[in-house]
Amino acid sequence: MRSNTPGKLSLAGAYAWGYAALGHAQQEGTDPGWYEEIDPLDVLFLGTAWPKWFRDEFEFANARDTWLRLLRGTVHEKGIQRFVREAVSASEELGLPVDDGKLMLALADRLEAAGLDRRRLPRQLLPESALQECRAAHGPSLDLRLPDPPEDAKERIRRFWEDTEDEPWADDTPRAVLRDGLRRFRDAGLPVEEESGLLLPALYAVLMTKPGELLEDTGEHARAWALSLDEASTLVPVLDILLIAPEWELSVAETLGHLFAVPAFTEPLPSDALLWTSSPGLALPRLAFELGIPEVLTRDRTVTPDLLDWTGMHARMRLSAAVRSSGADIDVEETEGADNTDSTDSAQKDSDEHWAERRAAVREAARQKIRKKSGGTDAMNRPPDHAVERIWNADGSSEIRISTHTSHGRDLKEALAGQLDAFREKFGREPGPDDPLFFDPDADEPTRLSREYFDDMLLRMAEHAGEMGVDPAFFHAWREVGYVVTEETRSGFTAAEVIAFNRSLARHREAGE
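In this report, the structure presented in the accompanying data block is examined. If you're wondering where the values come from, they're calculated on a predicted model, not measured in any experiment. (Residues numbered from 1 in each chain as written. Predicted model: local features only at pLDDT ≥ 70, side-chain atom pairs only at ≥ 80, totals over all residues. Heavy atoms only, no water.)

### Observations concerning the packing of aromatic side chains
Keep this limit in mind: A pair of Phe, Tyr and Trp rings is counted when the ring centres sit within 6.5 Å of each other, with Trp represented by its six-membered ring. The angle between the planes then sorts it: under 30 degrees is stacked, over 60 is edge-to-face, the rest tilted. Residue exposure (1.4 Å probe, protein chains only): buried if accessible area is under 20% of the type maximum, exposed if over 50%, otherwise partly exposed. Runs of H or I in DSSP of at least four residues are treated as helices and runs of E of at least two as strands, each being numbered from the N terminus. Only when the NZ of Lys or the CZ of Arg is both within 6 Å of the ring centre and within 35 degrees of the ring normal is a charge said to sit over the ring.
Summed over all chains, the structure comprises 25 aromatic pairs. Each ring, one from Phe160 and one from Trp161, has its centre 5.3 Å from the other, and the planes form 90°; the classification is edge-to-face. Taken individually, Phe160 and Trp161 each receive the classification buried, so the pair is uniform in this respect. Taken together, a centroid distance of 6.5 Å and an interplanar angle of 35° make the contact between Tyr483 and Phe501 tilted. Note that Tyr483 is positioned in the loop between helix H20 (472–481) and helix H21 (495–510) and Phe501 in helix H21, a separation of 18 residues in sequence. Following the ring pairs from residue to residue traces out a cluster consisting of Trp34, Tyr35, Phe45, Trp53, Phe54, Phe60 and Trp67. When the ring centre of Phe54 is taken as reference, the NZ or CZ atom of Lys52 above it lies at 5.2 Å.

Right under this line is the structure:
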């Protein structure tokens, strides 16, 4: 640190300053909750920006990614790549997650040997100078000029609001996703035709959110997502209009008119818009995968390329749940004469009841929609149409429920019963709560099936797909993205996940696989 004064930092020096700033904040009790989520690359960026503090994890993560993009194409990009390799290598050698405190301390001893103390970052590439006017921190430019609406804007807007059937699930344009989001908001009683501030959250809600995410978080998360994109992204002109509309007090009709003047509004969404990146702990795995590193061990899970979307979703939901929990804890502590244990138990009970009520409301809304479409009351008593339902919680966790009212559901139930019998026969006991239901048949102890096992299984299924009357590209897409989307299961996925699966499916079909 003595050889790396602020403004004259090497990457190794920046990491030292970031680690010291992190430790000092923890010791003083001034560290925000999101500090618990950071990894070595976040620590390095924290050191380059010291003594600047960030408003929240969204500003921090977006500034981090903008800074990393600025380094691309410079001599310092290789230094960042070497840093990422060192972090992953240390994780593998020590058997520790990359975001573990012991790993981050051990990494500090490796950076000089890796040569990351030899070249100083020029002042113009440090965040204080490089990010002064960046869109990620300050939003669209004040000099932004909105495009003039096309001559047929009124007709396009009229068609946009037409009460037609849902968009085809393969339609991956911002226009289609936004319209779906506005319909959902309108069904929830929100004034979508009067408030332009609802347009961006509506787009984001359908594209990115899981059912367990609270509506109250949508506006803040939508803005963070919109500001996270590279300024070169084709979607930025669309997002800037949505960001600026409420600030300029544009009406919904005026905003839509400007949107229809942007080609990207009616073209397929770019792939860079389908991932959540505005949280700590997400940049290092992405860069590692770009370098050909197949997986990164974190405290939460082993992250592979197909889990980037899943990891981002869990990060934002976990942090949001932690903030609400922290607020509840403060309320408990400030309640005079209250027993903390009883209050905490009561808060947990209230939380559980809240989610039970929320789930019941979602199911009731779905039943009402079925009833409206059927034109009668009999639909209210119909069993569920889907064999499998995923129930989401506020922290990103979920549970699967299987309905036996469908033939597919009954088949699944029988298959799971068969797995239970296989477990008992193999290990001579009932499975415990931490035992995998699908286990390695060659292991002496209950062991989860590896990623390699699933990959090989899907490849074998692809080879014999023709015999089953199934398109082999279906299995190749499943293997690439890590999940499968069908008409029956798509309600459990975000629009971004559906789009990613459909695009993978199209690529493999085009390749003749």
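### Comments concerning the layout of surface pockets
Definition in use: A 1.4 Å probe that fits but cannot get out identifies a cavity on a 1 Å grid over protein atoms alone, an open set with protein on both sides within 12 Å along at least five of seven lines counts as a pocket, and a residue lines either if it has an atom within 4 Å of a point. Grid points are joined across faces, edges and corners, and a volume is the space filled by probe spheres set on the points. In this classification, Asp, Glu, Lys and Arg are treated as charged, Ala, Val, Leu, Ile, Met, Phe, Trp, Tyr, Cys and Pro as nonpolar, and every other residue, Gly included, as polar.
Taken as a whole, the second largest pocket holds about 990 Å³ of empty space. In this structure, the second largest pocket is lined by 34 residues; those nearest its centre are Ser271, Asp272, Leu275, Arg286 and Leu308. Residue assignment for the lining of the second largest pocket shows that the elements contributing at least two residues are helix H3 (57–71), helix H4 (76–94), helix H14 (283–290), helix H15 (308–334), H20 and H21. Among the residues making up the lining of the second largest pocket, the classes are represented as 16 nonpolar, four polar and 14 charged.

### What to know about the pattern of salt bridges
We apply this condition: For salt bridges, the criterion is a side-chain nitrogen of Lys or Arg within 4 Å of an Asp or Glu carboxyl oxygen.
Applying the stated criterion to the full structure yields 31 salt bridges. Between Glu86 and Arg82 there is a salt bridge, and its shortest N-O distance comes to 3.3 Å. In this pair, Glu86 and Arg82 are both assigned in helix H4, four residues apart and thus about one turn of the helix distant. Classification of Glu86 by relative accessible area gives buried; the value is 13%. The salt bridge involving Asp300 is made with Arg301; its shortest N-O contact spans 2.5 Å. One continuous salt-bridge network, built from bridges that share partners, spans Glu37, Asp300, Arg301 and Arg318.

### A few points about the packing of helix H9 (residues 174–187) against helix H10 (residues 199–208)
The condition is simple: Fitted lines through C-alpha atoms serve as axes, helices being fitted only where they are in contact, and the angles separating the N-to-C directions of these axes extend from 0 to 180 degrees. Our angle categories are set so that under 35 degrees counts as roughly parallel, over 145 as roughly antiparallel, 65 to 115 as roughly perpendicular, and the remainder as oblique. Should any heavy atoms of two residues lie within 4.5 Å, those residues are counted as being in contact.
Contact pair H9 / H10: the axes reach a minimum separation of 7 Å and the direction vectors enclose 100°. Relative to H10, H9 is oriented roughly perpendicular. Residue-level inspection shows Pro174, Val177, Leu178, Asp180, Gly181, Leu182, Arg184 and Phe185 of H9 in contact with H10, the latter providing Leu199, Pro201, Ala202, Leu203, Ala205, Val206 and Leu207. Its residues assigned to classes, the contact of H9 with H10 shows 12 nonpolar, one polar and two charged.

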